[in-house]
Amino acid sequence: MSVEAFCECGHLNEVPDTLAGGIVNCAACGRATQVPGLRDHYWTALKLAAAVGWALVTAWAYTAAGLPGALIAAVGGALALFVLSRML
Amino acid sequence: MSFNLRRFMIRRKIFTVLGASFHVYDPDGQVVAFSRQKAFKLKEDIRVYTDETKSTELLTVLARQVIDFSAAYDMVDSAEQRKIGAARRKGWSSILRDSWELLDEQDQPIAQLREDSAFKAFLRRFLSNLIPQHYHLRTLDGHDLATLCVRFNPFVYKLEVDVTGDIDVRLVLGIGVLLAAVERRQG
Ligand SMILES: [Zn+2]
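Residues numbered from 1 in each chain as written. Chains lettered and ligands numbered in written order. Predicted model: local features only at pLDDT ≥ 70, side-chain atom pairs only at ≥ 80, totals over all residues. Heavy atoms only, no water.

This part covers the nonpolar core. Judged by nonpolar contacts, the single largest core of 43 residues is most densely connected at Met75(B), Leu102(B), Leu137(B), Leu148(B) and Leu178(B). In terms of residues, this core owes the most to one element, helix 3 (residues 169–186) of chain B, which gives eleven residues. Here Leu148(B) is in contact with Leu113(B), Gln133(B), His134(B), Tyr135(B), Leu137(B), Leu159(B), Glu160(B), Val161(B), Ile175(B), Gly176(B) and Leu179(B), once residues within four sequence places are set aside. Among the nonpolar cores identified, the runner-up in size contains seven residues, and Ala5(A), Leu19(A), Val24(A) and Val35(A) belong to it. (Core = buried A, V, L, I, M, F, W, Y, C linked by side-chain atoms within 4.5 Å. Buried < 20%, exposed > 50% of the residue type's maximum accessible area, 1.4 Å probe, protein only. Helix = DSSP H or I, 4+ residues; strand = E, 2+ residues; numbered from the N terminus. Contact = heavy atoms within 4.5 Å.)

If you want it as structure tokens, here you go:
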């Protein structure tokens, strides 16, 4: 199996999937080029799900505990999202 | 600017709150490189700079996958914007004895790095780090390229590197930084 890595110069590099998520030197210009990861879309889905969860929890906290509850949920959730985005 | 020292020492403070930092010293004790490991990162992304100002980047060491048993790390010369090679940890054999492969820019193995003796490696697994680690970097047909020795100290991790053979020293710096960053965590 192979993965496609687009270089800034416009060249499309087809590389073996063992290089997925890593770096390859572009065959046309030699520049180090990022190879997309095989699991990238899972991580994007996870981040999206976390953002939706954050919104839902904040809304629920607002109905259950009013504005202070919503504020705590919003700040706590934002912090968790920040850490998650740094991790992935 | 490229890293070209054949003898250097990587020093890492063990107790840091958020992300570890490394200093690389030449034989005269001058800082020749600095690196800070990012906190909370699941996918290792290590940048090595010429000094603590982080104004000039020397080397990037980037993990291919977030969670990877036989983890591979690509190394890029930041000035040249070119991948110079990669290091791959051999997952199964590293359980008993740390074992890595150095790959060239085409991803072909060019050298292997192993802990000095299987017996000492076995003892280290149970006696923590009381027995200092020694690694040998050799060509695939067994010729010595470099030695990497961990000096035991409960507070500071020191890895002394001596390149003796014909190998790109930037790759040796990269694998040294990886050992200091990754092996400490997994050890
Ligand atoms: Zn290109």
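Before going further, it helps to spend a moment on the coordination of the zinc ion. Residues and elements named next belong to chain A. Around the zinc ion, the protein contributes the donor atoms Cys-7 (SG), Cys-9 (SG), Cys-26 (SG) and Cys-29 (SG), which lie 2.3 Å from the metal centre. One can describe the site at the zinc ion as tetrahedral: its four donor atoms subtend angles covering 101 to 114° at the metal. Positions of the donor residues of the zinc ion along the chain correspond to the pattern C-x1-C-x16-C-x2-C. Of the two residues, Cys-7 sits in the loop between strand 1 (2–6) and strand 2 (12–16) while Cys-29 sits in the loop between strand 3 (23–25) and strand 4 (32–34), which places them 22 residues apart along the sequence. (Donors = N, O, S within 2.8 Å, 3.2 Å for Na, K, Ca; no water. Tetrahedral: all angles 85-135°; square planar, octahedral: opposite > 155°, others 65-115°.)

All names here are of chain B. With respect to topology, twelve strands assemble into a closed barrel ordered 1-2-3-4-5-6-7-8-9-10-11-12, the strand pairing being antiparallel. The mean inter-strand angle of the sheet, taken between neighbouring strand axes irrespective of direction, is 20°. Relative to strand 2 (residues 21–25), strand 1 (residues 7–13) is paired through four bridges, and the arrangement is antiparallel. Bridged to Arg-12 within strand 2 is Phe-22. (Pairing = 2+ DSSP bridges. Axes fitted to C-alpha atoms, helices over the stretch in contact; angles between N-to-C directions.)

Bringing unusual backbone geometry into the picture now. Residue and element names in this part refer to chain B. A positive phi angle, close to 55°, is found at Gln-81, a residue other than glycine. Tracing the backbone through its elements, the reader meets Gln-81 in the loop between strand 6 (72–77) and strand 7 (82–89). With a phi angle near 75°, Asp-107 is a residue other than glycine that sits in the positive phi range. Structurally, Asp-107 can be placed in the loop between strand 8 (99–103) and strand 9 (109–115). The exposure class assigned to Asp-107 is buried, which follows from its relative accessible area of 12%.

Take the environment of Val75(A) next. Among the structural elements, Val75(A) can be located in helix 1 (residues 40–87). For Val75(A) and Thr58(A), which are 17 residues apart along the polypeptide, the C-alpha to C-alpha distance reads 9.3 Å.

Moving on to the domain arrangement of chain A. Looking at chain A, the domain boundaries give domain 1 (2–34) and domain 2 (39–88). One C-alpha centre belongs to domain 1 of chain A, the other to domain 2 of chain A, and the line joining them spans 34 Å. (Domains from an automatic or database assignment.)

The grouping of Tyr62(A), Leu67(A) and Leu71(A) at the surface amounts to a nonpolar patch, some 350 Å² of accessible area in total. Within the element layout of this structure, Tyr62(A) appears in helix 1. (Patch = residues over 30% accessible without salt bridge, like charges linked within 9 Å, V, L, I, M, F, W, Y side chains within 5 Å. Areas by Shrake-Rupley, 256 points an atom, 1.4 Å probe, with all protein chains shown as cover. Salt bridge = Lys/Arg side-chain N within 4 Å of Asp/Glu carboxyl O.)

Both faces of the sheet carry side chains from a regular strand, because those side chains alternate between them. All names here are of chain B. Most of strand 5 (residues 57–63) sits out of view: six of its seven residues are buried. Sheet topology note: the strand 5/strand 6 ladder contains five bridges and is antiparallel. Across the sheet, Val-61 pairs through a bridge with Met-75, a residue of strand 6.

This brings us to the confidence of the model for chain B. Per-residue pLDDT for chain B averages 86, and the proportion of residues at 70 or more is 86%. Mean pLDDT across the secondary structure elements of chain B bottoms out at helix 2 (residues 118–126) of chain B, with 70, and peaks at strand 6 of chain B, with 96. (pLDDT = per-residue confidence, 0-100.)

Turning to its location among the elements, Glu101(B) is positioned in strand 8. In this view, Glu101(B) contacts Ala86(B), Ala87(B), Arg88(B), Lys90(B), Pro109(B), Ala111(B) and Gln112(B); residues no more than four positions away in its chain are not counted.

Its 48 residues place the ends of helix 1 of chain A only 13 Å apart at the C-alpha level, less than the 70 Å of an ideal helix rising 1.5 Å per residue. Considering bend angle alone, the principal kink of helix 1 of chain A is centred on Ala65(A) and spans about 145°; proline Pro68(A) follows within four residues of it. (Expected span 1.5 Å × (residues − 1). Bend = angle between axes of the 7 residues up to and from the residue.)

With 19 residues of chain B at the contact, the number on the chain A side is 18 residues. Interface area for chain B against chain A, summed over the two sides, is near 1,700 Å², with a carbon-plus-sulfur share of 52%. Where chain B touches chain A, the interface holds zero salt bridges. Among the secondary structure elements, those contributing two or more residues to the side of chain B that touches chain A are strand 5, strand 6 and strand 7 of chain B. In terms of residue class, the side of chain B that touches chain A is made up of eight nonpolar, two polar and nine charged. (Buried area = accessible area lost by both parts, 1.4 Å probe. Nonpolar A, V, L, I, M, F, W, Y, C, P; charged D, E, K, R; others polar.)

With that settled, consider the pattern of salt bridges. Residues and elements named next belong to chain B. Taken as a whole and assessed by the stated rule, the structure comprises 14 salt bridges over all chains. A salt bridge links Arg-138 to Asp-144; the shortest N-O distance between them is 2.8 Å. Exposure remark for Asp-144: the relative accessible area of 45% places this residue in the partly exposed category. The partner of Asp-168 in a salt bridge is Arg-170, with the nearest N and O atoms 2.6 Å apart. Judged by its relative accessible area of 26%, Asp-168 is partly exposed. We classify Arg-170 as buried; its relative accessible area is 14%. Three or more residues are tied together by salt bridges with common partners; here these are Arg-64, Asp-74, Lys-83 and Asp-107.

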